[in-house]
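Letter by letter, the chains look like this.
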Amino acid sequence: DAMVIQNPRYQVTQFGKPVTLSCSQTLNHNVMYWYQQKSSQAPKLLFHYYDKDFNNEADTPDNFQSRRPNTSFCFLDIRSPGLGDAAMYLCATSSLRTGTGGGYTFGSGTRLTVV
Amino acid sequence: AQTVTQSQPEMSVQEAETVTLSCTYDTSENNYYLFWYKQPPSRQMILVIRQEAYKQQNATENRFSVNFQKAAKSFSLKISDSQLGDTAMYFCAFMKPREGGSEKLVFGKGTKLTVNP
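All of the points below concern the structure found in this document. Just so it is clear, the structure is predicted and the values come from calculations on it, not from any experiment. (Residues numbered from 1 in each chain as written. Chains lettered and ligands numbered in written order. Predicted model: local features only at pLDDT ≥ 70, side-chain atom pairs only at ≥ 80, totals over all residues. Heavy atoms only, no water.)

1. Observations concerning the sheet that holds strand β1 (residues 4-7) of chain A
Residues and elements named next belong to chain A.
Point 1. If you walk across this open sheet you meet the four strands as β1-β3-β8-β7, and the pairing is antiparallel. The open sheet terminates on both sides in strands that have one partner only, identified here as β1 and β7 (64-67). Each strand of the sheet is rotated relative to its neighbour by a mean of 20°, with strand direction disregarded.
Point 2. Pairing of strand β3 (residues 19-25) with strand β8 (residues 73-78) involves six bridges; the strand directions are antiparallel. (Pairing = 2+ DSSP bridges. Helix = DSSP H or I, 4+ residues; strand = E, 2+ residues; numbered from the N terminus. Axes fitted to C-alpha atoms, helices over the stretch in contact; angles between N-to-C directions.)

Next comes the structure, spelled out in C-alpha coordinates:
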(Lines give C-alpha, C1' and ligand atoms only; values in the text may rest on other atoms or scores of the structure.)
Protein backbone atom coordinates (compact mmCIF):
# COMPACT_ATOMS: atom_id res chain seq x y z
CA ASP A 1 0.00 0.00 0.00
CA ALA A 2 1.14 3.52 -0.74
CA MET A 3 2.05 5.21 2.48
CA VAL A 4 4.15 7.59 4.52
CA ILE A 5 6.80 5.93 6.68
CA GLN A 6 8.67 7.55 9.52
CA ASN A 7 11.77 6.11 11.11
CA PRO A 8 12.43 5.51 13.84
CA ARG A 9 9.17 5.33 15.81
CA TYR A 10 11.03 6.23 19.00
CA GLN A 11 14.26 8.17 19.23
CA VAL A 12 16.24 9.01 22.35
CA THR A 13 18.98 11.57 22.01
CA GLN A 14 21.29 13.39 24.37
CA PHE A 15 20.95 17.05 25.13
CA GLY A 16 22.88 18.96 22.46
CA LYS A 17 23.62 15.91 20.27
CA PRO A 18 22.45 16.32 16.66
CA VAL A 19 19.65 14.01 15.61
CA THR A 20 17.97 13.25 12.29
CA LEU A 21 14.46 11.98 11.78
CA SER A 22 13.46 10.52 8.44
CA CYS A 23 10.30 10.32 6.39
CA SER A 24 9.67 8.48 3.15
CA GLN A 25 6.62 8.24 0.94
CA THR A 26 5.44 6.03 -1.89
CA LEU A 27 2.56 8.31 -2.88
CA ASN A 28 4.58 10.52 -5.23
CA HIS A 29 3.11 13.56 -3.49
CA ASN A 30 4.85 16.81 -4.30
CA VAL A 31 4.44 18.43 -0.88
CA MET A 32 5.96 17.14 2.37
CA TYR A 33 5.40 18.69 5.79
CA TRP A 34 6.96 18.40 9.23
CA TYR A 35 4.82 19.06 12.29
CA GLN A 36 5.83 19.13 15.94
CA GLN A 37 3.23 17.82 18.38
CA LYS A 38 3.78 18.29 22.10
CA SER A 39 1.64 16.62 24.70
CA SER A 40 -1.91 18.03 24.88
CA GLN A 41 -1.14 20.59 22.19
CA ALA A 42 -2.12 21.02 18.56
CA PRO A 43 0.37 19.88 15.93
CA LYS A 44 2.48 22.86 14.91
CA LEU A 45 3.87 23.24 11.40
CA LEU A 46 7.65 23.62 11.33
CA PHE A 47 8.25 23.76 7.58
CA HIS A 48 7.33 22.14 4.31
CA TYR A 49 8.71 21.39 0.88
CA TYR A 50 6.72 22.15 -2.23
CA ASP A 51 8.67 20.04 -4.69
CA LYS A 52 12.24 21.26 -4.07
CA ASP A 53 11.21 24.62 -2.62
CA PHE A 54 11.74 24.86 1.13
CA ASN A 55 9.22 26.92 3.11
CA ASN A 56 10.07 27.69 6.71
CA GLU A 57 7.50 28.91 9.20
CA ALA A 58 8.40 32.27 10.70
CA ASP A 59 8.52 30.98 14.27
CA THR A 60 10.46 27.77 13.63
CA PRO A 61 13.73 27.92 15.58
CA ASP A 62 17.01 27.90 13.62
CA ASN A 63 17.87 24.71 15.48
CA PHE A 64 15.51 22.87 13.14
CA GLN A 65 16.56 22.18 9.56
CA SER A 66 15.22 20.00 6.79
CA ARG A 67 16.46 18.28 3.66
CA ARG A 68 14.60 16.76 0.76
CA PRO A 69 17.09 14.95 -1.52
CA ASN A 70 14.36 13.56 -3.79
CA THR A 71 10.56 13.28 -4.06
CA SER A 72 10.38 10.26 -1.78
CA PHE A 73 12.48 11.30 1.19
CA CYS A 74 12.50 14.18 3.63
CA PHE A 75 14.64 14.61 6.75
CA LEU A 76 14.27 16.68 9.88
CA ASP A 77 17.57 17.66 11.48
CA ILE A 78 17.74 19.05 14.99
CA ARG A 79 21.21 20.52 15.39
CA SER A 80 21.33 20.85 19.17
CA PRO A 81 18.29 19.29 20.82
CA GLY A 82 17.11 20.84 24.04
CA LEU A 83 14.74 19.41 26.60
CA GLY A 84 11.98 21.54 25.12
CA ASP A 85 12.32 19.76 21.79
CA ALA A 86 10.98 16.51 23.19
CA ALA A 87 7.81 15.87 21.22
CA MET A 88 6.13 13.76 18.59
CA TYR A 89 7.28 14.75 15.10
CA LEU A 90 4.79 14.12 12.35
CA CYS A 91 5.56 13.92 8.66
CA ALA A 92 2.73 14.42 6.20
CA THR A 93 2.31 14.63 2.44
CA SER A 94 -0.19 16.12 0.07
CA SER A 95 -0.56 16.31 -3.67
CA LEU A 96 -1.40 19.57 -5.36
CA ARG A 97 -1.37 17.79 -8.70
CA THR A 98 -4.80 16.37 -7.92
CA GLY A 99 -6.36 19.63 -6.86
CA THR A 100 -6.71 21.60 -3.70
CA GLY A 101 -8.05 20.75 -0.28
CA GLY A 102 -7.35 17.06 -0.52
CA GLY A 103 -6.03 16.78 2.99
CA TYR A 104 -2.85 15.18 4.18
CA THR A 105 -1.54 11.64 4.50
CA PHE A 106 0.37 11.28 7.75
CA GLY A 107 3.12 8.99 8.91
CA SER A 108 2.97 7.30 12.29
CA GLY A 109 5.26 9.86 13.83
CA THR A 110 8.58 9.75 15.66
CA ARG A 111 8.52 10.33 19.39
CA LEU A 112 11.70 12.14 20.39
CA THR A 113 13.01 12.01 23.94
CA VAL A 114 15.89 14.26 24.98
CA VAL A 115 17.93 13.15 27.99
CA ALA B 1 -4.20 34.18 11.09
CA GLN B 2 -6.66 31.37 11.35
CA THR B 3 -7.37 29.71 14.68
CA VAL B 4 -9.20 26.51 15.51
CA THR B 5 -10.74 25.91 18.93
CA GLN B 6 -11.87 22.61 20.37
CA SER B 7 -13.47 23.35 23.71
CA GLN B 8 -13.75 19.75 24.94
CA PRO B 9 -10.36 18.34 25.98
CA GLU B 10 -11.90 14.97 26.84
CA MET B 11 -15.16 13.17 26.22
CA SER B 12 -16.52 9.70 26.78
CA VAL B 13 -19.42 7.77 25.32
CA GLN B 14 -20.94 4.35 25.73
CA GLU B 15 -20.57 1.88 22.93
CA ALA B 16 -23.41 2.13 20.35
CA GLU B 17 -24.39 5.62 21.48
CA THR B 18 -23.95 8.92 19.64
CA VAL B 19 -21.45 11.62 20.53
CA THR B 20 -20.79 15.09 19.14
CA LEU B 21 -17.42 16.81 19.20
CA SER B 22 -17.33 20.59 18.93
CA CYS B 23 -15.07 22.81 16.85
CA THR B 24 -15.10 26.50 16.11
CA TYR B 25 -12.72 28.45 13.95
CA ASP B 26 -11.88 32.01 13.11
CA THR B 27 -11.15 33.21 9.60
CA SER B 28 -11.87 36.07 7.27
CA GLU B 29 -11.67 33.78 4.26
CA ASN B 30 -14.74 32.79 2.28
CA ASN B 31 -13.30 29.73 0.59
CA TYR B 32 -11.58 27.09 2.69
CA TYR B 33 -11.65 23.46 3.80
CA LEU B 34 -12.35 21.88 7.15
CA PHE B 35 -11.29 18.47 8.33
CA TRP B 36 -11.63 16.06 11.19
CA TYR B 37 -8.64 13.81 11.78
CA LYS B 38 -8.48 10.82 14.11
CA GLN B 39 -5.29 9.84 15.93
CA PRO B 40 -5.59 6.49 17.76
CA PRO B 41 -3.11 5.81 20.57
CA SER B 42 0.37 5.24 19.14
CA ARG B 43 -0.96 5.17 15.61
CA GLN B 44 -0.95 7.52 12.68
CA MET B 45 -3.36 10.35 12.12
CA ILE B 46 -6.01 9.54 9.54
CA LEU B 47 -8.61 11.64 7.78
CA VAL B 48 -12.15 11.09 9.03
CA ILE B 49 -14.15 13.61 7.06
CA ARG B 50 -13.70 16.71 4.90
CA GLN B 51 -15.95 19.70 4.22
CA GLU B 52 -15.64 22.34 1.54
CA ALA B 53 -16.82 25.72 2.76
CA TYR B 54 -18.64 26.59 -0.43
CA LYS B 55 -20.82 23.49 -0.13
CA GLN B 56 -23.87 23.95 2.06
CA GLN B 57 -24.53 20.24 2.32
CA ASN B 58 -22.99 18.62 5.39
CA ALA B 59 -20.43 15.92 4.65
CA THR B 60 -21.15 12.35 5.71
CA GLU B 61 -18.90 9.28 5.84
CA ASN B 62 -20.71 6.21 7.12
CA ARG B 63 -21.16 6.72 10.89
CA PHE B 64 -19.44 10.10 10.82
CA SER B 65 -21.22 13.31 9.88
CA VAL B 66 -20.62 16.99 10.40
CA ASN B 67 -22.79 19.97 11.23
CA PHE B 68 -21.21 22.84 9.32
CA GLN B 69 -22.51 26.27 10.24
CA LYS B 70 -20.54 28.72 8.13
CA ALA B 71 -22.00 31.91 9.55
CA ALA B 72 -21.35 30.72 13.08
CA LYS B 73 -17.92 29.32 12.08
CA SER B 74 -18.80 26.04 13.69
CA PHE B 75 -17.86 22.55 12.50
CA SER B 76 -18.97 19.76 14.83
CA LEU B 77 -18.44 16.04 14.31
CA LYS B 78 -21.15 13.52 15.13
CA ILE B 79 -20.23 9.88 15.60
CA SER B 80 -23.20 7.53 15.51
CA ASP B 81 -23.25 3.98 16.85
CA SER B 82 -19.90 4.52 18.59
CA GLN B 83 -17.48 1.61 18.49
CA LEU B 84 -14.53 0.74 20.72
CA GLY B 85 -12.24 1.40 17.76
CA ASP B 86 -13.38 5.02 17.72
CA THR B 87 -11.34 5.65 20.87
CA ALA B 88 -8.77 8.21 19.77
CA MET B 89 -7.73 11.84 19.80
CA TYR B 90 -9.81 13.83 17.33
CA PHE B 91 -8.41 16.96 15.72
CA CYS B 92 -10.38 19.60 13.90
CA ALA B 93 -8.35 21.35 11.22
CA PHE B 94 -8.65 24.31 8.84
CA MET B 95 -7.01 24.79 5.46
CA LYS B 96 -6.89 27.67 3.03
CA PRO B 97 -6.49 26.47 -0.52
CA ARG B 98 -3.15 26.93 -2.24
CA GLU B 99 -1.55 29.69 -0.23
CA GLY B 100 1.85 30.33 -1.76
CA GLY B 101 1.76 27.12 -3.70
CA SER B 102 1.01 24.79 -0.83
CA GLU B 103 -1.74 24.07 1.63
CA LYS B 104 -1.19 24.31 5.36
CA LEU B 105 -3.38 22.70 7.97
CA VAL B 106 -4.09 24.59 11.17
CA PHE B 107 -5.12 22.24 13.95
CA GLY B 108 -7.14 22.58 17.11
CA LYS B 109 -5.76 21.15 20.35
CA GLY B 110 -7.80 17.99 20.00
CA THR B 111 -10.51 16.14 21.90
CA LYS B 112 -9.68 12.83 23.52
CA LEU B 113 -12.62 10.51 22.98
CA THR B 114 -13.02 7.31 24.94
CA VAL B 115 -15.66 4.76 23.97
CA ASN B 116 -16.64 2.60 26.92
CA PRO B 117 -17.95 -0.96 26.57
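2. Quick notes on the nonpolar core
When a protein is soluble and globular, its nonpolar side chains tend to lie buried together.
Point 1. Within the largest apolar cluster, 25 residues are counted, with the highest numbers of intra-cluster contacts made by Y25, W36, F75, L77 and Y90 of chain B.
Point 2. Of all the elements in the fold, those that place two or more residues in this core are β3 (19-21), β5 (33-39), β6 (46-52), β8 (64-69), β9 (74-79), β10 (88-95) and β12 (111-116) of chain B.
Point 3. With four residues, β10 of chain B is the single largest residue contributor to this core.
Point 4. Grouped together as the second largest cluster of nonpolar side chains are 19 residues, V31, Y33, L45 and Y104 of chain A included. (Core = buried A, V, L, I, M, F, W, Y, C linked by side-chain atoms within 4.5 Å. Buried < 20%, exposed > 50% of the residue type's maximum accessible area, 1.4 Å probe, protein only.)

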